[in-house]
Amino acid sequence: LSRARAKTAAFVAGGTGVTPMLQILLARLSPLASPPRGEGASLTLVCFHSTEEDVLLGPELEAMAAAHPSVRVAVSVARAGPSWGGEKGRPSLALLGRLLPPAQQAPELFVCGPPAFNDAVSA
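Everything in this summary refers to the structure shown in the same document.

Procedures and definitions
- Residues numbered from 1 in each chain as written.
- Predicted model: local features only at pLDDT ≥ 70, side-chain atom pairs only at ≥ 80, totals over all residues.
- Heavy atoms only, no water.
- Buried < 20%, exposed > 50% of the residue type's maximum accessible area, 1.4 Å probe, protein only.
- Helix = DSSP H or I, 4+ residues; strand = E, 2+ residues; numbered from the N terminus.
- Pairing = 2+ DSSP bridges.
- Right-handed = clockwise from strand over helix to strand, strands pointing away.
- Contact = heavy atoms within 4.5 Å.
- Axes fitted to C-alpha atoms, helices over the stretch in contact; angles between N-to-C directions.
- Polar contact = N/O pair within 3.5 Å; in protein donor to acceptor, adjacent residues only side chain to side chain.
- Core = buried A, V, L, I, M, F, W, Y, C linked by side-chain atoms within 4.5 Å.
- Phe/Tyr/Trp six-rings, centres within 6.5 Å; stacked < 30°, edge-to-face > 60°.
- Expected span 1.5 Å × (residues − 1).
- Arc of directions from axis to C-beta.

Notes on the pairing of strand 3 (residues 71-77)
Piece 1. Where burial is concerned, most of strand 3 is hidden: 5 out of the 7 residues are buried.
Piece 2. Pairing geometry for strand 2 (residues 42-49) and strand 3, over 7 bridges, is parallel. Of the residues in strand 3, the one forming a bridge with Val 46 is Ala 74.
Piece 3. As paired strands, strand 3 and strand 4 (residues 87-88) are joined by 2 bridges and run parallel to one another. Looking at the pairing, Ser 76 lines up with Glu 87 of strand 4.

This is how it looks when you write it as structure tokens:
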């Protein structure tokens, strides 16, 4: 990762794409990061999964967000059951616009998922 970073970063993950995103977030929150431990930064992770059973690393992501006020995590499930308390739906301009930092903040953007997911998010 570059030492010169935007203060605002957004991470959009589809399915198993959350795994490399978690590693980047952990690196940003490391005491060796510049600025250290996400200081002065706003980090947003939005994960998309097909079903609730497909959600990966849920407890780890919740713990990271709880331990670091600069981190915001949103998980969206396309086929959510009635008990699902998170976001619902596939990636769309409306949903991403609501969950990601505003363009005026010029966030650094990372996208990771299957090719069709990456194409849909990048469109």
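We are not done yet, so read on.
Regarding the pairing of strand 2
Piece 1. Counting buried residues in strand 2 gives 7 out of 8 residues, a clear majority hidden from the surface.
Piece 2. Pairing of strand 1 (residues 8-14) with strand 2 involves 7 bridges; the strand directions are parallel. The residue of strand 2 that forms the bridge with Ala 13 is Cys 47.
Piece 3. Traced from strand 2 through helix 2 (residues 58-67) to strand 3, the parallel crossover comes out right-handed.

So, the sheet that holds strand 4
Piece 1. Across the sheet, which stays open at both edges, the 5 strands sit in the order 4-3-2-1-5 with parallel pairing between neighbours. The two strands at the open ends of the sheet, each matched to only one other strand, are strand 4 and strand 5 (108-112).
Piece 2. Each of strand 1, strand 2 and strand 5 touches helix 4 (residues 115-122); the most contacted strand, strand 5, lies at about 150 degrees to it.

Section: the side chain of Arg 28
Piece 1. With respect to the helices and strands, Arg 28 occurs in helix 1 (residues 18-29).
Piece 2. Engagement of the side chain of Arg 28 in a polar contact is seen with the side chain of Glu 108, the distance being 2.4 Å.

Brief notes about the nonpolar core
Piece 1. Membership of the largest hydrophobic core comes to 20 residues, with the highest contact counts inside it found for Phe 11, Leu 43, Leu 45, Cys 47, Leu 61 and Met 64.
Piece 2. Secondary structure elements with two or more residues in this core: strand 1, helix 1, strand 2, helix 2 and strand 3.
Piece 3. Here this core takes 6 residues from helix 1, the largest share from any one element.

Considerations on the packing of aromatic side chains
Piece 1. Scanning all chains against the criterion turns up 2 aromatic pairs.
Piece 2. Ring plane angle 5 degrees and centroid distance 4.9 Å describe the contact between Phe 11 and Phe 110, whose orientation is recorded as stacked. One end of the pair, Phe 11, is in strand 1; the other, Phe 110, is in strand 5, with 99 residues separating them in the sequence. The residues Phe 11 and Phe 110 share a single accessibility class, namely buried.

Re helix 1
Piece 1. In this model, helix 1 (12 residues) spans 16 Å end to end at C-alpha, consistent with the 16 Å of a helix rising 1.5 Å per residue.
Piece 2. When we look at burial in helix 1, the residues that qualify are Val 18, Met 21, Leu 22, Ile 24, Leu 25, Arg 28 and Leu 29. Projected down its long axis, helix 1 shows its buried positions confined to an angular sector of 165 degrees, all on one face.
Piece 3. The secondary structure elements touched by the buried residues of helix 1 are strand 1, strand 2, helix 2, strand 3 and strand 5.

A short note on the environment of Asp 54
Piece 1. Position of Asp 54 relative to the elements: it lies in the loop between strand 2 and helix 2.
Piece 2. With relative accessibility at 36%, the residue Asp 54 sits in the partly exposed group.
Piece 3. Here the alpha-carbon distance between Asp 54 and Thr 16, two residues 38 residues apart in the chain, equals 9.1 Å.

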